[in-house]
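As a plain string of letters, each chain reads:
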Amino acid sequence: MSRPPLPPFTLDTATQKVRMAENAWNSRDADVVTPAYTDESQWRNRAEFLSGHKDIHAFLTRKWRKELEYRLIKELWAYSGNRIAVRYAYEWCDGDGQWFRSYGNENWEFAEDGRMANRHASLNDLPITETDRLFHWPLGARPDGHAGLSELGL
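Fair warning: this is a prediction, and the values are worked out from it, not measured in the lab.

Conventions and cut-offs
Residues numbered from 1 in each chain as written. Predicted model: local features only at pLDDT ≥ 70, side-chain atom pairs only at ≥ 80, totals over all residues. Heavy atoms only, no water. Core = buried A, V, L, I, M, F, W, Y, C linked by side-chain atoms within 4.5 Å. Buried < 20%, exposed > 50% of the residue type's maximum accessible area, 1.4 Å probe, protein only. Contact = heavy atoms within 4.5 Å. Salt bridge = Lys/Arg side-chain N within 4 Å of Asp/Glu carboxyl O. Helix = DSSP H or I, 4+ residues; strand = E, 2+ residues; numbered from the N terminus. Phe/Tyr/Trp six-rings, centres within 6.5 Å; stacked < 30°, edge-to-face > 60°. Lys NZ or Arg CZ within 6 Å of the ring centre and 35° of its normal.

A. Representation of the nonpolar core in the model. Ranked by size, the top nonpolar core spans 28 residues in total, and within it Trp25, Trp43, Leu60, Ile84 and Trp108 carry the most contacts. Residue contacts for leucine 60: discarding those within four places in its chain leaves Trp25, Ala30, Val33, Thr34 and Trp43. Judged by nonpolar contacts, the second largest core, of five residues, contains Ile73, Ala89, Phe135 and Trp137.

This is how it looks when you write it as structure tokens:
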């Protein structure tokens with residue numbers, strides 16, 4: 001299975017890869033997101049370590065059951081060869097209606113077929129009020145005209 005754009009990345013293809021990942025994650029559908037990773041993909045997400053599609057799918061399913069009204073923005077930070085670094089923020093609320101903005105950084109390493117082989121994520125959750133929210137588009141992909149992280153001052 002090939003997932004273009006393929007490494008080695010250029011500024012344009014790395015930017016495209018980041019936006020494709022953002023759009024997939026904004027679908028909040030583990031069946032859409034999981035195939036973007038190799039069968040043996042290794043993850044560190046906060047203090048959780050995952051390996052392979054089964055773990056990734058279970059993690060994402062659990063995540064989006066907890067993180068309601070999820071809206072994500074990713075921004076390219078750096079790229080070289082088959083690696084991309086991103087920073088991101090997403091907003092979500094829990095079952096009690098408490099809103100959060102989660103800030104993080106990810107390091108990605110890709111296989112030759114364009115699927116992600118390694119993902120290392122560090123992030124923190126900041127409780128916010130509903131009036132502090134900045135991500136107001138309808139659920140799903142961020143509209144093309146919506147500001148990114150830098151434009152929002154995040």
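B. A look at the pattern of salt bridges. Per the counting criterion, the structure on display carries 15 salt bridges. A salt bridge links glutamate 22 to arginine 19; its shortest N-O distance comes to 3.5 Å. Pair noted here: glutamate 22 and arginine 19 are both in helix α1 (residues 11–26), with a separation of three residues, about one helical turn. One salt bridge in this structure joins arginine 142 and glutamate 22, with 2.7 Å as the shortest N-O distance. Of the two residues, arginine 142 sits in the loop between β6 (116–128) and α4 (149–152) while glutamate 22 sits in helix α1, which places them 120 residues apart along the sequence. In terms of burial, arginine 142 and glutamate 22 fall into one category: buried. Through salt bridges that share partners, Arg19, Glu22, Arg142 and Asp144 make up one connected network.

C. Main features of unusual backbone geometry. In this structure, proline 5 follows proline 4 across a cis peptide bond, with omega equal to 0 degrees. Checked against the element boundaries, proline 5 lands in the segment before α1. Each neighbour pair has its own omega, and for proline 7 with proline 8 the value is 5 degrees, a cis peptide bond. In the Ramachandran plot, arginine 28 falls in the positive-phi region, its phi being about 55 degrees despite a non-glycine side chain. The topology assignment puts arginine 28 in the loop between α1 and α2 (30–33). By relative accessible area, arginine 28 is classed as partly exposed at 31%.

D. Molecular detail of the packing of aromatic side chains. Counted according to the given criterion, the structure contains eleven aromatic pairs. Plain terms: the ring middles of tyrosine 88 and tyrosine 90 are 6.2 Å apart, the flat faces sit at 10 degrees to each other, and that makes the pair stacked. The burial state of tyrosine 88 is the same as that of tyrosine 90; both residues are buried. Their ring planes at 85 degrees and their centres at 6.0 Å tell us that tryptophan 108 and phenylalanine 110 sit as a pair that is edge-to-face. Each of the two residues, tryptophan 108 as well as phenylalanine 110, counts as buried. Site record: aromatic cluster; members linked through ring pairs are Trp25, Tyr37, Trp43, Phe59, Trp64, Tyr70, Tyr88 and Tyr90. The ring of tryptophan 25 is capped by lysine 74, whose NZ or CZ atom sits 5.4 Å from the centre of that ring. The cationic tip of arginine 119 hangs over the ring face of tryptophan 43; the distance from NZ or CZ to the ring centre is 4.3 Å.

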